[in-house]
Amino acid sequence: RSKQWYQRRVRGATGGSIVCDLNCEKIHYIADNIYCCGAGTAADTEFTTKMISSKMELLKLRTGREGRVVSALRMLKQYLFRYQGHISAALVLGGVDVNGPALYTVYPHGSTDKLPYVTMGSGSLAAMSVFEDGYKMDMSEEEAKELVANAIRAGIVNDLGSGSNVDVTVIRKGNVEIFRPYKVVCKKSERKGDYTFPVGTTVVTSSTEMVPFSALNVTDEEVMEIS
Amino acid sequence: MAVLIEQKTAAEPLQYRFSPYAMNGGTVVAVAGDDFAIIGCDTRLSEGYSILSRDVTKVRTITKDCLLGSVGFHGDVLTLTKMTDARLKQYKHTHGKDMPCEAVAQMLSTTLYYRRFFPYYTYNMVAGLDKQGRGCVFSYDPVGSYERETYRASGSASAIIQPLLDNQIGYKNQSNVDTSVKMTRQHVRDMVRDIFVAASERDIYTGDQVEISVIDKNGIETLSFPLRSD
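Residues numbered from 1 in each chain as written. Chains lettered and ligands numbered in written order. Predicted model: local features only at pLDDT ≥ 70, side-chain atom pairs only at ≥ 80, totals over all residues. Heavy atoms only, no water.

S.K.: Any chance you could break down the sheet that holds strand β10 (residues 135-140) of chain B for me, citing the residues and the numbers?
M.R.: Residue and element names in this part refer to chain B. The sheet built from five strands is open, its strands ordered β7-β8-β9-β10-β11 with antiparallel pairing. Of all strands in the sheet, those bounded by a partner on one side alone are β7 (59-63) and β11 (146-149). Averaged over all pairs of adjacent strands, the angle between strand axes in this sheet comes to 25°, irrespective of strand direction. Bridge analysis of β7 against strand β8 (residues 66-72) gives four bridges, and the strand direction is antiparallel. Directly across from Val59, in β8, lies its bridge partner Gly69. Those strands touched by helix α2 (residues 101-114) are β7, β8, β9 (122-129), β10 and β11, and its axis lies near 5° from that of β10. (Pairing = 2+ DSSP bridges. Helix = DSSP H or I, 4+ residues; strand = E, 2+ residues; numbered from the N terminus. Axes fitted to C-alpha atoms, helices over the stretch in contact; angles between N-to-C directions. Contact = heavy atoms within 4.5 Å.)

Here it is as structure tokens:
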């Protein structure tokens, strides 16, 4: 972590061994200056982050101030702890606020860690090994983006639960830059054959014609007043 | 092979059981033509969420006109292939000729059923040329039930691929199709490659490379194409 903040993720969402979504968005908006990556059950991460985002907006209106990462963190951990781990959301929360840049992980049971670099999910071991090898203090933004993309790439290539591409979100003081995608790791090969179905492949057994409104005969008219 | 934990509810005692099997993933597709047969497989070997190897073929040439594709538990795949090779060698020394493809198919069925109560956890396919020189494909279940077919997909992505084969090769759910046009080797090979490209998009256990072997009276030609490595 350095002066700005970067998060990353992407990839497919799986249901068992089948890929459900080839390019789902895993970086969720919490506030203008706070984003959250979600691993675990997709519905859980989606609904949890949406809910906390909503609470942060209300807090911002109530206090008249820009939201803080620790507020989102507190809300997330108290919510998840209440559900005793049944909500399977493993989150990486990051953002820049008045106290500077901050990075946290939130586990499904409600525990949190504050760290300079974090990974979550099935590919977390592969990604963490890249981080442990390449992380140094006070990296530049470009170096950090590359390190993060390489860590995700390690997960994509070595972990069967991860795949597709890398999205990166850079959160700086005052603005957020979203790279979607930042790095395309795996592209679908070109198909050699042509599989378009010619017209007539599906036999039409019967059809009803659409009658245009103007073709109808008006037999009776009554004007009703709405008051 | 893994130690499985059996405990359906918290009230039950915790039991550890050793499982002699493992799922190593992989997919095999085979198509029989008029005078050729094509069998393709991916080369990824996996276990759980990890990749064990990106370069393990699942199809072996067992005689000059017969190929055997096996997926499932790789330990049993290797043993079964070894067994089959040994039996074929014995046949060749006894009878002075290679075992014909249909005979290999029958033999594999009995070999699998011999282990009915501790099965080879393998999904097999035999592809080759029959006595008349026509392409043949035989598909099996783990205990030896087999059937000669025109096309079949087996393995982890079989549920994704089989409907596509039914439509494109069996012309199912299509009308006004000219079925008299014979499929050429090139066309089928390209189609099998495209099928693996599609399957590797959606199945996490299929990918890395696809190896497609075409067998006809001139011999066996194998080509490899890259697939997604994620």
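S.K.: Would you mind going over the pairing of β10(B) in detail, with residue names and values included?
M.R.: Residue and element names in this part refer to chain B. Burial of β10 is extensive: six of the six residues sit out of reach of the surface. Both faces of β10 are covered, namely the face carrying Gly135, Val137 and Ser139 and the face carrying Cys136, Phe138 and Tyr140. The pairing of β9 with β10 spans five bridges and is classified as antiparallel. Following the sheet pairing, Val126 is matched in β10 by Phe138. What sits between the antiparallel neighbours β9 and β10 is a turn of five residues, in which Gly133 has the positive phi angle 85°. Pairing analysis gives four bridges linking β10 to β11, with the strands arranged antiparallel. (Buried < 20%, exposed > 50% of the residue type's maximum accessible area, 1.4 Å probe, protein only.)

S.K.: Describe the interface of chain B and chain A, with residues and values.
M.R.: The interface is formed by 28 residues belonging to chain B together with 30 residues belonging to chain A. Between chain B and chain A the total buried area reaches about 2500 Å² when both faces are included, carbon and sulfur atoms providing 53% of it. Across the chain B-chain A interface, the total number found is zero salt bridges. Seen at the junction of chain B and chain A, the total is 10 residue pairs in polar contact (both at pLDDT 80 or more). Of all elements in the fold, only β6 (50-53), α3 (158-168), α4 (185-202) and β14 (219-226) of chain B reach the threshold of two or more residues within the side of chain B that touches chain A. (Buried area = accessible area lost by both parts, 1.4 Å probe. Salt bridge = Lys/Arg side-chain N within 4 Å of Asp/Glu carboxyl O. Polar contact = N/O pair within 3.5 Å; in protein donor to acceptor, adjacent residues only side chain to side chain.)

S.K.: Lay out helix α1 (residues 42-63) of chain A in plain terms, naming residues and giving numbers.
M.R.: All names here are of chain A. Relative to the 32 Å expected for 22 residues at 1.5 Å per residue, α1 spans 31 Å between its end C-alpha atoms, a close match to the ideal helical length. Of all the residues in α1, the buried ones are Asp44, Thr45, Thr48, Thr49, Ile52, Ser53 and Met56. Down the axis of α1, the buried set is contained in an arc of 150°. They therefore lie on one face. Residues of α1 that are exposed and point more than 90 degrees away from the buried face comprise Phe47, Lys50, Leu61 and Arg62. On its buried face, α1 is in contact with β4 (27-31), β5 (34-40), α2 (69-82) and β6 (89-97). Once α1 ends, the next one or two residues include Gly64, with phi positive near 75°. (Expected span 1.5 Å × (residues − 1). Arc of directions from axis to C-beta.)

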